[in-house]
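Coordinate inspection notes
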Amino acid sequence: MSTISRDEVARVAALARIELRPEELDRLVGELDVIVQSVAQVTEIVGPDTPATSHPIPLSNVFRQDVPVAPTNRDKVLASAPASEDGKFLVPQILGEE
């Protein structure tokens, strides 16, 4: 027996402002029921001592050392730019504003 009714699917679709045809409602009732049953099976198997899993493979972040370094010389960077003005990059105007 289905744990999800056609009315429930229609109500959730209306809340999400999704318009569904009658055949889509019928199809989604079956699909959502399979999902609910699958979650229920997993819930039966999982015990209180089973740790939560967000990824099947253990992952760890690799961080580099946070070592301060001298900043790049602004004059040197601007010297290689096509155009600069007042210590800033000069770029073409694109919005047509004055």
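Residues numbered from 1 in each chain as written. Predicted model: local features only at pLDDT ≥ 70, side-chain atom pairs only at ≥ 80, totals over all residues. Heavy atoms only, no water.

1. Description of a nonpolar patch on the surface
Nonpolar side chains collect at one region of the surface, where Leu 32, Ile 35 and Val 39 lie side by side and expose about 250 Å² of accessible area between them. With respect to the secondary-structure elements, Leu 32 resides in helix H2 (residues 22-45). (Patch = residues over 30% accessible without salt bridge, like charges linked within 9 Å, V, L, I, M, F, W, Y side chains within 5 Å. Areas by Shrake-Rupley, 256 points an atom, 1.4 Å probe, with all protein chains shown as cover. Salt bridge = Lys/Arg side-chain N within 4 Å of Asp/Glu carboxyl O. Helix = DSSP H or I, 4+ residues; strand = E, 2+ residues; numbered from the N terminus.)

2. Concerning unusual backbone geometry
The phi dihedral of Arg 17 falls on the positive side, at around 60°, and the residue is not glycine. You can see Arg 17 is positioned in the loop between helix H1 (6-15) and H2. Phi at Asp 86 takes a positive value of approximately 55°, unusual for a residue other than glycine. Assignment of secondary structure puts Asp 86 in the loop between strand S1 (84-85) and strand S2 (88-89).

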